[in-house]
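# Close look at the chain arrangement
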Amino acid sequence: MTLRTDSLEAGIRYDGSARHLHLTARSSDALAPFEGETTAAGDVHELTGPLSTTNAKALQAAFPVLRPQLISGHRTSVGTGDRTGLATPGQARAFGAVGGDVMPVLAQQSIREMDRLGRSAQSVMDEAVFGLLEAGWDRGFGADCDHIKSTDGIDRGLAAGFTMFTLDPGDLVADVTGGVSEADAAALPWDQLEDSLAAVRTRYVGMTVDVGHSQIEVTEEDVLTAAVKYGRAVVEAIRLYRHATENAQHEIEIEFAVDETAWLTTFFEHYYLASELKRLGASWFSFAPRYVDGFEKGLDFLGDTEELRTNLEAHHAISEQFGGYKISLHSGSDKFSIYPLCVEATDGHVHLKTSGTSYLCGLEIVAAHDPELFAAIWDISRASYVKARASYQVSAQEDRTPTSLDGVDLVELIRSDDARQILHVGYGDSLNGTDAAGASIHDRFLEVVTAHQEQHTDIVAEHIGRHLAPFAAGTAGR
């Protein structure tokens, strides 16, 4: 696949496990911004170059479709993270195949994952650009610098040209399961909240909050609990928000996320968060609360679907009272049974995030073509699971999985629940590890998948397509 302008044609070429940028132009001037080896034959000028930041930026200058766009103008959107930089062509193909009006976010990775894998925000953007070029993608895409917890993370995303910033103040969410006291509330940083406890009481105590299917009468206990639980998180969220908006040199949009905590976000707590963030001057297009239990990595939804429906309907109803922002579903990979429900409960005003599921597609390629490498990844993932599961909602038991892979159908193993979760959360230690000969597993993984990229693209496209179909169907006729 290629992209073309009047003066330039660009595409990706493969040489075994190596990829190169290939350009054809009518004049040498069109090739001047790029780096690589050039040749000329008559009026035809060609360049073969590396997949470098210089070339990615030059492509974005030449082809506006390769520059990320805001997604807030689209009611339904889906982000498909790519941990290794090779899944974008398959993801783009999936979006192209399902139709509908689902906006793709095809450059998405959390700062945590970048750091675990030794990637930079710029490399994530570059690899998305080259993947989109390989797919011949010409329909626009978003770019999400995900789960940011520091101003440094924001700066890295801004420098790389990301347009969506998911701000995560979850580390400041307090455990209130033991109850809260007047003293707890009085100890909040009221000066940073630009507020007072008396004013909070006046604003909220006794009010009625409409959550669609019911109404909530707000008590003083509700207010004190919400303030103590989320007050410091509000301060941190506004600090990050102001840094992002004050330092951006291009258009950006904000998502707030408090989903990676141990405690459910109640409906009034959602209302409190939205109200306080708005009072302090923030605007956002998407919000991720902590939902009911059942969202685990790499598996279908394990909770009560009707409880989830009620939960989502209420969060959507609250969002409508503050401008109608999207409800964002994180840990969204492979939740096939609830996608139609999610579209219905939010009236399609939803943003889905997937990430590790595309990495698992890459593991299927490794299992098929380099079982020895897969065995090394399996051993490391299994050994590191006890540590890794502390960061995720997972329930896999390693003692229900094989220690020896002799005679095991590896693709079926990858698709089984326990092994899938272990591999899903073990990506960091695995890709940063070495095999028995001391070779980089990350490098070997890339070599194997790149050498079989057509097959890999087919697997990714089919798998991501299953995620997208219910959301595309939900946009039909809108």
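If you're wondering where the values come from, they're calculated on a predicted model, not measured in any experiment. (Residues numbered from 1 in each chain as written. Predicted model: local features only at pLDDT ≥ 70, side-chain atom pairs only at ≥ 80, totals over all residues. Heavy atoms only, no water.)

## Structural notes on the packing of aromatic side chains
Stated formally: Between 30 and 60 degrees the pair is tilted, below 30 it is stacked and above 60 it is edge-to-face, where a pair is any two Phe, Tyr or Trp rings, Trp via its six-membered ring, whose centres lie within 6.5 Å. Runs of H or I in DSSP of at least four residues are treated as helices and runs of E of at least two as strands, each being numbered from the N terminus. To sort residues, take the accessible area from a 1.4 Å probe on protein chains only and compare it with the maximum for the residue type: under 20% means buried, over 50% means exposed, and anything in between is partly exposed. We count a charge as sitting over a ring when the NZ of a lysine or the CZ of an arginine lies within 6 Å of the ring centre and within 35 degrees of the ring normal.
Applying the stated criterion to the full structure yields 14 aromatic pairs. Both rings, one in Phe336 and one in Tyr339, keep their centres 5.9 Å apart while their planes meet at 85°; by these two values the pair is edge-to-face. Taking 5.7 Å as the distance between ring centres and 25° as the angle between the ring planes, the aromatic pair formed by Tyr359 and Phe445 counts as stacked. Residue Tyr359 is found in helix H13 (residues 356–369), and its partner Phe445 is found in helix H18 (residues 441–451); the two are separated by 86 residues along the sequence. For the pair shown, Tyr359 and Phe445 are each scored as buried. Feature note: the residues Tyr204, Phe268, Tyr271, Tyr272 and Phe322 constitute an aromatic cluster, connected by ring pairs. The lysine or arginine in question, Arg83, covers the ring of Tyr427, its NZ or CZ lying 3.8 Å from the ring centre. Arg466 extends its terminal NZ or CZ atom over the ring of Phe336, reaching a point 3.8 Å from the ring centre.

## Some remarks on the sheet that holds strand S6 (residues 76–80)
What counts is decided by this rule: For two strands to pair, DSSP has to find at least two bridges joining them. Note on geometry: axes are lines fitted to C-alpha atoms, helical ones only across the stretch in contact, with angles between N-to-C directions running from 0 to 180 degrees. Any two residues whose heavy atoms approach within 4.5 Å are treated as being in contact.
Strand order in this closed barrel of eight strands is S6-S7-S8-S9-S12-S13-S14-S15, and the pairing throughout is parallel. Strand-to-strand twist across the sheet, computed as the mean angle between neighbouring axes with direction ignored, equals 25°. Of the strand pairs in this sheet, S6 and strand S7 (residues 102–110) are connected by four bridges, and their pairing is parallel. Bridge pairing in S7 places Thr76 opposite Val102. Contacts from helix H9 (residues 220–247) reach strand S8 (142–148), strand S9 (164–167) and strand S12 (253–257) within the one sheet, and its direction differs from that of S12 by about 165°.

## Concerning the pattern of salt bridges
Defined as follows: Each reported salt bridge corresponds to a side-chain nitrogen of Lys or Arg within 4 Å of a carboxyl oxygen of Asp or Glu.
Enumeration over the complete set of coordinates arrives at 32 salt bridges. The salt bridge partner of Asp347 is Arg75, with a shortest N-O separation of 3.1 Å. Highlighted residues: Asp347 in the loop between helix H12 (339–345) and strand S15 (350–354) and Arg75 in the loop between helix H1 (53–62) and S6, separated in sequence by 272 residues. The class of Asp347 is partly exposed, set by a relative accessible area of 39%. Looking at Arg75, the relative accessible area reads 30%, which means it is partly exposed.

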